[in-house]
Amino acid sequence: MSSLLTPVQCRGCGGGGGGARPTAPAPPRSFTISDVLTLAPASVTLAAEPSTWSIVGSHTNFFTTATKHAAAGTVLGHPITVTFTPVSYRWDSGDGTTRETTTPGASWAALGQEDFTATATSHVYREKANVQASVTVTYTASVTLANGASIPVTGTLDRASAAVPIELFTADTVITVGDCSEHPQQPRC
């Protein structure tokens, strides 16, 4: 990489003589993702429903709040703002199953759905176990210079969430006579 300051001859600067004075370099015409790593995207979190437990054979819903956001700083000697945009989500359910979507998912309530129903980001576990689920968000980036000019960024950046522990239970259906909470002595309560 060359020096960020380039000498420029100054003939009319006064003070006799045409010496060199440093001037700021022109901003780069492009950036790579490694150029903007010091302004990494915000932390990624994974949410699971119903919570840190679920039922084998039922849908477990996953979602993240990773959204488009900006970070400001100085890169290659220039004040910039980097806008990070999530473009894909790789869901690791912790049981050896992964899949990729272009949606961050949403809670059942936000989707207007009942608990344990299928969503674009839900997963059905097949065995009782304790698993560690996570999500990795892939971001693209764009740079805006202080003068408002937009500069492209080559490459993508992955940011992973912390693992969320999920305990999986099995459930059985039991037919009872009446409500067991009101009449615990009834058969099968």
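Conventions used here
Sequence order as written defines residue numbering, which begins from 1 separately in each chain. The model is predicted, so local features are restricted to residues of pLDDT at least 70 and side-chain atom pairs to those at 80 or more, both for listing and for counting; the totals for chains, interfaces and linings are taken over all residues. Heavy atoms from the whole structure form the basis of all side-chain values; hydrogens and water molecules are not counted. Think of it this way: any DSSP run of H or I at least four residues long counts as a helix, any run of E at least two long counts as a strand, and we number them from the N terminus. Any residue under 20% of the maximum accessible area for its type is buried, any over 50% is exposed, and the rest in between are partly exposed; the area is computed with a 1.4 Å probe on protein chains only. Contacts are assigned to residue pairs with any non-hydrogen atoms lying within 4.5 Å of each other. Areas reported as accessible are Shrake-Rupley estimates using a 1.4 Å probe. Residue values count occlusion only from the protein chains shown. Here, nonpolar core means buried Ala, Val, Leu, Ile, Met, Phe, Trp, Tyr and Cys residues that are tied together by side-chain atoms lying within 4.5 Å of each other. The predictor attaches a confidence to each residue, and that confidence, scored 0 to 100, is pLDDT.

(A) Up close: the overall build of the protein chain. Assigned secondary structure in the protein chain consists of one helix and 14 strands. A burial count over the protein chain gives 31% of its 189 residues as buried. Restricting the contact set of the protein chain to residue pairs at least 6 apart, pairs at least 24 apart contribute 64%. With an accessible surface of roughly 11,200 Å², the protein chain has 53% of that area assigned to carbon and sulfur atoms.

(B) Region of interest: the environment of Ala 118. Within the secondary structure layout, Ala 118 lies in the loop between α1 (108-111) and β10 (123-124). The class for Ala 118 is partly exposed, based on a relative accessible area of 46%. Measuring from C-alpha to C-alpha, the distance between Ala 118 and Asn 61 comes to 7.6 Å, with 57 residues separating the pair along the chain.

(C) The nonpolar core, seen in detail. Within the largest apolar cluster, 31 residues are counted, with the highest numbers of intra-cluster contacts made by Phe 62, Ile 80, Val 82, Val 143 and Ile 166. Of all the secondary structure elements, the ones that give two or more residues to this core are β4 (46-49), β7 (69-75), β8 (78-92), β11 (130-145), β12 (150-154) and β14 (164-169). By residue number, the principal contributor to this core is β11, which donates eight residues. Not counting residues within four places of it along the chain, the set of residues in contact with Val 143 comprises Phe 31, Val 36, Ile 80, Thr 81, Val 82, Ala 149, Ser 150, Ile 151 and Val 153.

(D) Molecular detail of the confidence of the model for the protein chain. Here the protein chain shows a mean pLDDT of 84. Residues at 70 or above account for 81%. Scored below 50 in pLDDT, residues 1-14 shows 26 contacts in the model against residues more than four places distant or in partner chains.

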